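# A structural walkthrough
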Amino acid sequence: MPPGEINMSDELSPCDTNLELIASIFARPRMYCDGVTMFQDIIMFVQGVWCGLKPPHGSGTIPGLTEYLSSEFNVSPDQPWTRILLSQFGHLPLFDACDSVGKILGNWRQNTA
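Notes on the structure in this doc start here.

As for its placement among the helices and strands, Arg28 is situated in the loop between helix H1 (14-27) and helix H2 (29-32). Looking at Arg28, the relative accessible area reads 37%, which means it is partly exposed. Sequence separation between Arg28 and Cys98 is 70 residues; the distance between their C-alpha atoms is 8.3 Å.

One non-glycine residue with positive phi stands out, namely Asn74, at about 55°. Within the secondary structure, Asn74 sits in the loop between helix H4 (65-73) and helix H5 (81-89).

Below, the discussion takes up the pattern of salt bridges. The final tally for this structure, using the stated rule, is 2 salt bridges. Between Arg109 and Glu20 there is a salt bridge, with the nearest N and O atoms lying 2.7 Å from each other. Pair noted here: Arg109 is in helix H6 (residues 94-112) and Glu20 is in helix H1, with a separation of 89 residues, a long-range link.

Ranked by internal contacts, the top residues of the largest apolar core, which has 27 residues, are Phe26, Phe39 and Ile42. Those elements that provide at least two residues to this core are H1, helix H3 (39-52), H4, H5 and H6. Among the elements that take part in this core, H6 stands out by supplying 7 residues, more than any other. Apart from residues lying up to four places away in sequence, Ile42 is in contact with Ile25, Phe26, Pro29, Cys33, Val36, Leu94 and Cys98.

What follows covers the packing of H3 against H5. Direction vectors running N to C along H3 and H5 enclose 160°, while the axes themselves pass 10 Å from each other. The orientation of H3 with respect to H5, classified from their angle, is roughly antiparallel. Handedness of the H3/H5 crossing: right-handed. Each of Phe39, Gln40, Ile43, Met44, Val46 and Gln47 in H3 lies in contact with H5, whose residues at this interface are Trp81, Thr82, Leu85, Leu86 and Phe89. Classifying every residue of the contact of H3 with H5 gives 8 nonpolar, 3 polar and no charged.

Cut-offs applied
Residues numbered from 1 in each chain as written. Predicted model: local features only at pLDDT ≥ 70, side-chain atom pairs only at ≥ 80, totals over all residues. Heavy atoms only, no water. Helix = DSSP H or I, 4+ residues; strand = E, 2+ residues; numbered from the N terminus. Buried < 20%, exposed > 50% of the residue type's maximum accessible area, 1.4 Å probe, protein only. Salt bridge = Lys/Arg side-chain N within 4 Å of Asp/Glu carboxyl O. Core = buried A, V, L, I, M, F, W, Y, C linked by side-chain atoms within 4.5 Å. Contact = heavy atoms within 4.5 Å. Axes fitted to C-alpha atoms, helices over the stretch in contact; angles between N-to-C directions. Parallel < 35°, antiparallel > 145°, perpendicular 65-115°, else oblique. Left-handed = near helix turned anticlockwise from the far one by under 90°. Nonpolar A, V, L, I, M, F, W, Y, C, P; charged D, E, K, R; others polar.

Note that every value here comes from positions in space, so none of it alone points to a role or purpose.
Rendered as structure tokens:
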């Protein structure tokens, strides 16, 4: 299934549903944040969305993602996921970077399923 699409016949846990939302944002960044022009902007938007999904205090940490990214790109797991993605894809045009992250999220979900 392409990133950002939800198969409504599958039972999704709240975390899975939240990850589907995040994948959907990367698949269609301007649908969710019309004024976004840079990959850095969408990363900060996604981090804010993720924090909002975890009230009352929120956390920008997506469980397991930093560990996966650090092993995938051979970088220190001490870095937040936002910094890892920016260092890997920040130089790309917005839609190319978002497409790359969508593929990474899809691979991560398949590897952890």
